[in-house]
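Chain by chain, the residues run as shown.
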Amino acid sequence: MAEDNKNAKTDSQVPEQKPNLPGEAANAAPADIQQFYKKEDKLFLAGALLLGILFTWLFYGKNPGVSVPLFVTAFYVLFFAYVRPVTDKKAVFGWFLCIPVLMISLAFSFFRNSTLMVLNILALPWLIALQTVLVTGTNNFRWYSPGIIVDLIYCFFARVIVHAAKPFLMFASMVRSKTGGEKKSTVLRVITGLVIALPILLILLLILSSADMVFGKLVEKLPDLLNSLNLGKVFIKILLTLIIFICSFSYIWSLKHKEKFLDIDNGLISAKSADEKRRWDPVVLVTVTACIDLLYIFFVIIQFAYLFGRSGLPEGLTYSEYARNGFSELILVSLLNMGWLVLTLTYTKKGTRGLYISFRILNTLTVCCTYVMLLSAYYRMLMYEEAYGFTFLRVMTQAFMIFLFVLFSTTLVRVWNERIPLLKPYIAAAVIAFTVINYINIDVMVARKNIDRYFDTGKIDIDYFNSLSNDAVAELVRLVDADDPEVAEKAAEILADRKERIYERTDWQSFNLADLRAKRAISGK
C-alpha cells in the first residue's frame, strides 16, 4: 500500500490545483500560462529555434548541396533527443527508412542533376514524415495500407500547425516563472503580441501599398534608414526562421505526445468542444488585432480622403490611374481578414470581461474596415469597367465582393453572439449565392452593359461577344444597326455563326430556352 502511494506521487508531475475562490476567476491567468514545463521541454524549445536559424543560414539565397544532409542530421538529432521512438516490430519499416532518407539527403552533396534534385526535394519531406510517424507509433494505418496517405496528409497540414501557439506560451510561462506577478506576465504577453504582429503588418503593408497608389507613396516616404537596413531581406529571413521554428516545434511536439487526429472507429477527426478549442491567449490576440486595426484605420482614411472624397492627389498621379487599380489586392486582404476572424473567434480564450469586450470591439473594427475595403474594391472595379468594358470575370468578381460582404455581416453577428455558429451560415450563404448566380444571367448583363457603353462612348470589344453564350444573342442584335459599319458587320457575322450552330441541334434532348430565345431574336431580325 505504501508502495502504491509512492508511485502515485512520482507519476503525477503536475501539482494539485486548488479551486478558485469567488472573484478569482476573472484575475486568473490562462491555463497555458500557468503551466510549468519540464527542463527537456525548454531545451527542445531552444533546439527548435536553433533549427529555424540553421535552416535560414543554410538555405536562404543558396542552392541545395551539403546543406541538405547537414539540416536533416540536425533535425534528427533534435527529434531523437526529445522523442522516445518505439522499437517493436511494427516500427521496423520506419527504422529501415532511415537508410533512404540518409542516402537521398547525401545525394545533394554528391550529384548535380537538376531533375533528380527537384524530385528529391519533393520526396524527402514525405519520406521523413513517414519515417518519423512510423517510429513513434502515431500512425493510424499500416505503412502498406492506402490509408497511410491520410496519415501523411495530417503530418503536413495538421501536425505542423496544431501547436503553433505553444512556443510563445512556453516562453511566456518561463519568463513569468522567473519574474512572477500577473502584471509583468500581461506586459510580456503584450510584447509577444507585438512581435507576432510585426511580420503580419509588414505583409499587409506590402499588399495595401500595391492596392492604393497614394498609400504606397506615403509608405515610400518612410525614413531612408529603413532602406539602408535592407528590411526586405531581414524580414524574409526572420519570417523563414519563424516558420521553420514553429512548424518543426509543432510537428515534433505532436509526435512526442503521441497525438492522433483520426478516430479509427468512424474515420473522422476527433471532435472537441468549443471551450477545448480555445487555446490562444486573449492578451496576445488583442494586441495583434489592435495593431492590424491601426493600420487599417490609416488605410481607410486614405480611401475616404482620396478615392471617395477626390482630394488633391500627389503630383504625377491622375484620378483615373489611381482608381482603376488595386481591387484584386483588396479582395486578397479581405480574404485574409476573413481567415483571421474565423481563427481568432474559434481559438481565442475569453479571458477577463474587459478583455473579451475589447476583443469584440476590435473584431468589429476589423469588419468595418473590411467593409470599406470591399466598397473601395467594388468602386475601383466599376471605374475599371467604365474604362475597359465589362467581362464575365469582372462581373463575377463584383458578385464575389457582394458575397464577401454577406459573409462579413454574418461574422459581425457572430462577434457579438457566440452561440451563432460560423460554418452553417457560411455554407447556406454559399449555396444561395451559387444558385442566384445561375439565374441572374451574367452573359445578358455583360452584353447589355457593353452595348450601352458603346452607344455612350463609341468603344466596344466586339470580338469578346464570341465568348458569350446564346443568352447574349438578343442583346447582340442591337449592334446590327450600329453607326459604325465595322461593328455592324462583325455583329452580323457573329449572329450568322450562332444561327448556323443553333439550327444544327435538332434533337429534343438538347432543347434549351436560351437557344430558343436566340433563334427568335435572329429570326426577328
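Residues numbered from 1 in each chain as written. Predicted model: local features only at pLDDT ≥ 70, side-chain atom pairs only at ≥ 80, totals over all residues. Heavy atoms only, no water.

Draft legend 1. Focus on helix α23 (residues 485-504). Here α23 contains 20 residues, and its C-alpha end-to-end distance of 29 Å stays within 8% of the 28 Å for a straight helix at 1.5 Å per residue. Taken as a whole, α23 has its buried residues at Val-487, Ala-488, Ala-491, Ile-494, Leu-495, Arg-498 and Ile-502. All buried residues of α23 fall inside an arc of 125 degrees around its axis, so they share one side. Along α23, the residues that are exposed and aim more than 90 degrees away from the buried face are Pro-485, Glu-486, Glu-489, Glu-500 and Glu-504. The opening residue of α23, the one whose side-chain oxygen lies 3.0 Å from the backbone nitrogen of Glu-486, is Asp-484. (Helix = DSSP H or I, 4+ residues; strand = E, 2+ residues; numbered from the N terminus. Expected span 1.5 Å × (residues − 1). Buried < 20%, exposed > 50% of the residue type's maximum accessible area, 1.4 Å probe, protein only. Arc of directions from axis to C-beta. Polar contact = N/O pair within 3.5 Å; in protein donor to acceptor, adjacent residues only side chain to side chain.)

Draft legend 2. Main features of the packing of aromatic side chains. A complete count under the given rule lists 19 aromatic pairs for this structure. Centroid distance Tyr-384 to Tyr-388: 4.7 Å. Interplanar angle 45 degrees. Geometry classified as tilted. In this pair, Tyr-384 and Tyr-388 are both assigned in helix α18 (residues 353-388), four residues apart and thus about one turn of the helix distant. Overall, the relative accessible area of 22% leaves Tyr-384 in the partly exposed class. Counting every residue linked through ring pairs, the aromatic cluster contains Phe-44, Tyr-82, Phe-245, Phe-249 and Trp-253. The aromatic ring of Tyr-82 is capped on one face by Lys-256, whose charged end is 5.0 Å from the ring centroid. (Phe/Tyr/Trp six-rings, centres within 6.5 Å; stacked < 30°, edge-to-face > 60°. Lys NZ or Arg CZ within 6 Å of the ring centre and 35° of its normal.)

Draft legend 3. A look at the nonpolar core. Counting 47 residues, the largest nonpolar core has Leu-208, Tyr-296, Leu-330, Val-333, Leu-407 and Phe-408 as the members making the most contacts within it. Secondary structure elements with two or more residues in this core: α10 (182-211), α11 (213-220), α15 (282-308), α17 (327-347), α18, α19 (392-416) and α20 (423-439). Top contributing element to this core by residue count: α15, with twelve residues. Not counting chain neighbours up to four residues away, the residues in contact with Leu-208 comprise Phe-215, Leu-295, Tyr-296, Phe-299, Leu-330 and Val-333. (Core = buried A, V, L, I, M, F, W, Y, C linked by side-chain atoms within 4.5 Å. Contact = heavy atoms within 4.5 Å.)

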